[in-house]
Amino acid sequence: MDRPRTDSHADSYKDPLWGRIESALTDEGFPASSVVDYSLAREEYARDVSRYRDWIQAGNHADMGYLLRGLDRRADPALVFPGLEGVITVLRPYPPEPAGTADLRYARYLNGPDYHDVMKERMEAAFARLRDAHALPGDFRYKICVDTSAVLERAWARISGLGWIGKNTLLIHPKLGSYVFLGVVFTNHRFGAPPVLLKDYCGPCTRCLQACPVNALLPHELDSRKCISYLTIEKRGSWEQAVDTKGFVAGCDLCQEACPYNFKPAKYASPAGLAPHLVIDADSLMRETEEEYRARIAGTALDRIRPADFKRNVRATRSAPRTE
């Protein structure tokens, strides 16, 4: 088996400004970051856009209309940030140990405060430190995007050499696996950084595909209409038919749990403990009022799920047949 490369992307070219930015990002809790010039990445990025268009055209985005509405901006990031020259991508690992119990589970990324806020705060802190130290050009502009703007984060991470897109459609970093948050910074600075494309080190492995109990995955393609994560987080209202969510009440990690690249990070990570907003008593959750629910999930990524939909998810875990 080939050994994935883990060398620093900064070694491929010399840019003092990028060196300072990378160091500041590392200090703020981003152990992996990279950069690519938009002008040099256009051709490669167009391939990702084409695949994304095909995915949308096939209806794989389900009821997530915002993905369709943002198609033009995702295809042309200069619409999101006029004057775009450089694209910085960062990774921040999240706790890899399971969140919840075998009967009532949460996706691991939910075990903590809202990642949108944490990521933006830490990224802004890195640039504020550089600005205060007069380490940025006077005309340097940037825009931070963390899963809220119309941006293809995984595409930029792939193109800048931070990993490859696995068969489960997630970015896989050679050392950190896929239990990571992604952030993108659009800048008006040209770094002279070309694309760095890693080999797809999934090879013949199909563990993630086999682990999906609802057959939502084909190699490198996800049908959101079947996906447990979509059904428990994004889907509004009742389901058309009974759904066995395999114990998950918010999100799903089954395809990630099966990935060999997640075994080592999970083995060596220190336990984070269960965040207080991730209640694991189904009876308490069913008795919870809407006001109590909103108070409990305030400041967390769980606020994506409406109160009635969350109870629907809990109800599904209680009615699902027990399996060994």
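Data block above holds the structure.
Predicted model, so just to flag it, every value in this text is computed and none were measured.

Colleague: Any chance you could break down the overall build of the protein chain for me, citing the residues and the numbers?
Modeller: When helices and strands are counted, the protein chain shows 13 helices and eleven strands. Relative to a compact globule of 324 residues, whose C-alpha radius of gyration would be 20 Å, the protein chain shows 20 Å and is just as compact. Based on the C-alpha atoms only, the size of the protein chain along its principal axes is roughly 60 × 45 × 40 Å. Within the protein chain, buried positions represent 52% of all 324 residues. A sequence separation of at least 24 residues applies to 77% of the contacts in the protein chain between residues at least 6 apart. Total accessible area on the protein chain is roughly 15,800 Å²; 51% of this is exposed by carbon and sulfur atoms. Both charge centroids of the protein chain, one from 44 positive and one from 43 negative side chains, sit 2 Å from each other.

Colleague: Got a sec to walk through unusual backbone geometry? Specific residues and values, please.
Modeller: Here Ala62, not a glycine, exhibits a phi torsion of approximately 55°, which is positive. Here Ala62 lies in the loop between helix 2 (38–57) and helix 3 (65–69). Although it is not a glycine, Lys246 sits at a positive phi angle of roughly 55°. Its location among the elements puts Lys246 in the loop between helix 8 (228–234) and strand 11 (248–250). Lys246 gets classed as partly exposed once you look at its relative accessible area, which sits at 30%.

Colleague: A description of the side chain of Lys167 should follow, citing residues and the corresponding values.
Modeller: Tracing the sequence through the fold places Lys167 in the loop between strand 6 (164–165) and strand 7 (171–172). Among buried Asp, Glu, Lys and Arg side chains, Lys167 stands out as unpaired, with Asp200 the closest opposite charge at 6.4 Å. Of the polar contacts made by the side chain of Lys167, one reaches the backbone oxygen of Cys205; its length is 2.8 Å.

Colleague: Describe the sheet that holds strand 3 (residues 99–100), and please don't skip the residues or the numbers.
Modeller: The three strands lie next to each other as 3-4-11, forming an open sheet whose pairing is mixed. A strand with exactly one partner marks an edge of an open sheet, and here the two such strands are strand 3 and strand 11. By the bridge criterion, two bridges tie strand 3 to strand 4 (residues 105–106) in an arrangement that is antiparallel. Paired with Gly100 across the strands is Arg105, a residue of strand 4. Helix-sheet contacts for helix 13 (residues 307–319) involve strand 4 and strand 11, and the interaxial angle to strand 11 is about 175°.

Colleague: Please provide a residue-by-residue account of the packing of aromatic side chains, values included.
Modeller: Within this structure, the stated rule accounts for 15 aromatic pairs. Look at Tyr94 and Phe181: their rings are 4.8 Å apart centre to centre, the planes differ by 40°, and that puts the pair in the tilted class. You can see Tyr94 sitting in the loop between strand 2 (86–93) and strand 3 and its partner Phe181 sitting in strand 8 (residues 180–187), a full 87 residues away along the chain. Geometry around Phe30 places Arg92 over its ring, the cationic atom sitting 5.6 Å from the centre.

Colleague: Outline the sheet that holds strand 5 (residues 142–145), supporting the account with residue identities and numerical values.
Modeller: The strand order across the open sheet built from four strands is 1-2-8-5, with neighbouring strands paired in antiparallel fashion. Every interior strand has two partners, whereas the edge strands, strand 1 (32–37) and strand 5, have only one. The average angle at which neighbouring strand axes cross in this sheet is 20°, direction not considered. Along the sheet face, helix 1 (residues 16–27) touches strand 1 and strand 2 and points at about 150° away from the line of strand 1. Of the strands in this sheet, strand 1 and strand 2 are in contact with helix 2, which crosses strand 1 at around 95°.

Calculation notes
- Residues numbered from 1 in each chain as written.
- Predicted model: local features only at pLDDT ≥ 70, side-chain atom pairs only at ≥ 80, totals over all residues.
- Heavy atoms only, no water.
- Helix = DSSP H or I, 4+ residues; strand = E, 2+ residues; numbered from the N terminus.
- Rg over C-alpha atoms; globule rule 2.2 N^0.38 Å.
- Buried < 20%, exposed > 50% of the residue type's maximum accessible area, 1.4 Å probe, protein only.
- Contact = heavy atoms within 4.5 Å.
- Areas by Shrake-Rupley, 256 points an atom, 1.4 Å probe, with all protein chains shown as cover.
- Lys, Arg positive; Asp, Glu negative; His and termini not counted.
- Charge placed at Lys NZ, Arg CZ, Asp CG, Glu CD.
- Salt bridge = Lys/Arg side-chain N within 4 Å of Asp/Glu carboxyl O.
- Polar contact = N/O pair within 3.5 Å; in protein donor to acceptor, adjacent residues only side chain to side chain.
- Pairing = 2+ DSSP bridges.
- Axes fitted to C-alpha atoms, helices over the stretch in contact; angles between N-to-C directions.
- Phe/Tyr/Trp six-rings, centres within 6.5 Å; stacked < 30°, edge-to-face > 60°.
- Lys NZ or Arg CZ within 6 Å of the ring centre and 35° of its normal.

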